[in-house]
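# Geometric and topological summary
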Amino acid sequence: MLDFRNTNTLWASIIAETLQRLGLTTAVICPGSRSAPLTIAFAQNKLIETIPILDERSASFFALGIAKKSGVPTALICTSGTAAANFYPAIIEARESRIPLLILTADRPPELRDCHAGQAIDQIKLYGNYPNWQAELAIPAASIGMLDYVRQTIVYAIERSTFPTPGPVHLNIPLRDPLVPVSDIAVESLETQFDIADFFAGLEPFFAAETSTPPSPPLLRGGERSAVESIVAAETSTPPSPPLLRGGERSAIESIVAAETSTPPSPPLLRGGERSAIEQWQKCSRGIIIAGVAQPENAEKYCSAIGKISQLLNWPVLAEGLSPLRNRAQLNPHLISTYDLILRNRELAEKLTPEIAIQIGDLPTSKELRNWLEKTQPKRYIIDPSHHNLDPLHGPTIHLRTSIENLATLLTLVPPLTKGGLGGVQTSATTNNISPQIPPLTKGNSPLVPPLTKGGLGGVQTSATTNNISPQILPLTKGNSPHVPPLTKGGLGGVLISPSHEYIQLWHNTETQIRLTIDRNFAAIHNIIEPKVSWLLSQILPPATPIFISNSMPVRDVEFFWKPNNLEIKPFFNRGANGIDGTLSTALGVAHRNQSSILLTGDLTLLHDTNGFLIKNKFVGHLTIILINNNGGGIFEMLPVAKFDPPFEEFFATPQDINFAQLCATYGVEHEIIDDWEQFKEKLSFLANNRIRVLELQTNRRTDAKWRQDNLSKFAQGS
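Residues numbered from 1 in each chain as written. Predicted model: local features only at pLDDT ≥ 70, side-chain atom pairs only at ≥ 80, totals over all residues. Heavy atoms only, no water.

## Some details on the nonpolar core
As a reminder of what qualifies: Buried Ala, Val, Leu, Ile, Met, Phe, Trp, Tyr and Cys residues form a nonpolar core when they are joined through side-chain atoms within 4.5 Å. Burial status follows relative accessibility: with a 1.4 Å probe on protein chains alone, a residue under 20% of its type maximum counts as buried, one over 50% as exposed, and anything between as partly exposed. Contacts were defined at the residue level, with two residues in contact if any of their heavy atoms lie within 4.5 Å.
Counting 56 residues, the largest nonpolar core has Trp 507, Leu 537, Ile 626, Phe 680 and Leu 684 as the members making the most contacts within it. Those residues in contact with Trp 507 that lie beyond four places of it in its chain are Ile 288, Pro 316, Leu 318, Ile 336, Tyr 339, Ile 342, Leu 343, Leu 352 and Trp 372. Formed by 46 residues, the second largest nonpolar core is a distinct cluster that contains Phe 87, Ala 90, Ile 91 and Phe 613.

## Digging into unusual backbone geometry
Our working definition: Secondary structure elements follow DSSP: runs of H or I of four or more residues count as helices, runs of E of two or more count as strands, with numbering from the N terminus.
Each neighbour pair has its own omega, and for Phe 163 with Pro 164 the value is 0°, a cis peptide bond. Looking along the chain, the bond that leaves Pro 646 and enters Pro 647 is cis, with omega of 15°. Examined against the element boundaries, Pro 647 turns out to sit in the loop between strand E16 (622–629) and helix H22 (648–653). Unlike most non-glycine residues, Gln 119 shows phi in positive territory, near 50°. Within the element layout of this structure, Gln 119 appears in the loop between strand E4 (101–107) and strand E5 (133–136).

## Some thoughts on the side chain of Arg 693
Applicable threshold: For this count, His and the chain ends are skipped, Lys and Arg are scored as positive, and Asp and Glu as negative. Salt bridge criterion: a side-chain nitrogen from Lys or Arg within 4 Å of a carboxyl oxygen from Asp or Glu. Each polar contact in these results corresponds to two N or O atoms within 3.5 Å; when the atoms are within protein, one needs to be able to donate a hydrogen and the other to accept it, and residues that are neighboring in sequence are counted only if both atoms are side-chain atoms.
Position of Arg 693 relative to the elements: it lies in strand E18 (residues 691–698). Glu 670 is the oppositely charged side chain nearest to the buried, salt-bridge-free Arg 693, at an N-O distance of 4.9 Å. A polar side-chain atom of Arg 693 sits 2.7 Å from a polar atom in the side chain of Thr 624. From its side chain, Arg 693 meets the backbone oxygen of Lys 683 in a polar contact 2.6 Å long. For Arg 693, the contacting residues outside a window of four places in its chain are His 622, Leu 623, Thr 624, Ile 625, Val 669, Glu 670, Lys 683, Leu 684, Phe 686 and Leu 687.

## Quick notes on the pattern of salt bridges
The tally for this structure, following the rule as stated, stands at 27 salt bridges. Here Asp 384 and Arg 98 are joined by a salt bridge, their closest N and O atoms 2.9 Å apart. Of the two residues, Asp 384 sits in the loop between strand E11 (379–383) and strand E12 (397–400) while Arg 98 sits in the loop between helix H5 (88–97) and E4, which places them 286 residues apart along the sequence. For the residue pair Asp 384 and Arg 98, the accessibility class agrees, reading buried in each case. Salt bridges sharing common partners tie together Asp 340, Arg 344, Arg 346 and Glu 368.

Have a look at this one:
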């Protein structure tokens, strides 16, 4: 809907209409006068949910949470002056965690700047280098050429918020009076000459309704033809993709395998030859895969891809607690969740020294892991499609700018080095019901992709009697092992591992031993302590529950103790800049119009964002806040500074002595103190569909810290 009442209403309504047609569904709006044309335009567009929020910092983190959940940019609108400055922390987090946001800040026109006109600050490049792109729009004008300009600028802004790496985009929008929708006859007359269908012709949603995958425009969306089928058939020509090898001697997949793709900014990737990355991986028996913090749009595909690579290479996967892998354990039989504890055992850490490490995305939080990688210096490959540098250790690393899903496809297609394949799996041409990942491309043979009729996936062979074999899990070679007995004697799921697999075997054995030790210890603890909360949550939450895990101690306890499960729990977090700002507001954004959700947080983090409770009246959904109240900053008890008091208690622990029951009553939020673990489990066995509630667990931070200090190293010894 376009509003022709005056120049500002027309300008603002074209911005809103263009965004709606591109697929934007949500706008978070902070009150103010200068932004009135924008507010009116978005409020009038019935296909965009518009949410008014008083506090700009809360609003920006709420928008961030919505974008985290959906992968679609959320619009964030405010008036001129310091209002825009309050968005800054969320914009930093959006950039660092690669979340698409579109920030629209209203501004005074140039003639009212630098002259003490009031509520006017320098808003040009207000957010420094954090936006993916930033620009100031021209002063609104009601001419076709200028309206074309603003439409296409919005199209480019949406593109830059999602491609090549998702992140924030800032548009500063100067507006002259009138800011209210009073009539202007000259503009109203333009409506009769304006062809809306022609003006917006060619605009297509960047985000299909059934998916939220950034950063693609309507590209490879699915339907009857899958993305791979479309690429192989070279039927996709939708920009920004160039025409993809629509025929000729080399097929699309052959070119991908041979790394003929030239997508910047990747270095020469997997080019083949003796020193290619894939051949090095295939030859290496002491490799590890490190799966760091991740919020993939399709967790099932992401976890399956990692599981496939792990099994093809026969390498363990060290999975961060904030990775979806721990909540889909069945997809990866080589999952290692206790790596932080394992590496506290110096003798074991030395025995487990890797030669190669594949790092997927950001590194896990664990300091033990990072120190071990720095000490052992394996050759490290970082797999991530973004342009970010994800190597804080500055070790011998190679960034492969691709997705883990693409890498899994490549590894499936590349023939093994030996007749037995990776892991010794052999099949024959008569194998029935094998589900290939990609069908043969041509009837002829390819040196890179062996046809399925002559050896299955990438030359893997199966016997004539093998039926219904799934390519997701490759059995290991036969042979008894003194370390891993068969299933009837307590082995790892009955998998028989040969002596040639001692490295991965050692990881498995240690994981099993430490996991059992952790479980026994927590099962015997009846008093309320903070570390047990994460362990218990991983077992009792309803399936597919979204959980936002706050920074400081909660993310670390999740990494230490979150137990692998198959509940498909969905972890969310702000691990871009790792701050505690806006935690409640972000969690509410994740939970808004979502499945009933959980926030796990400490008392200081919650207090830092209590204005988030003001969102309550506009919030649609349910959020249970699990509040660990240890009256201060528990993480500081784990640091050397805790030994120096004063000034530790007053200036680091900073206890606030807040009565949370009274605080919740002020905002009309349900509150309950949890006294025992059975009550805790009962309260989480069913999550309502609406409202916000707080479940408060009161703990002693010194006792919790001492428990960790006493037990983390003991667990590493298996005791």
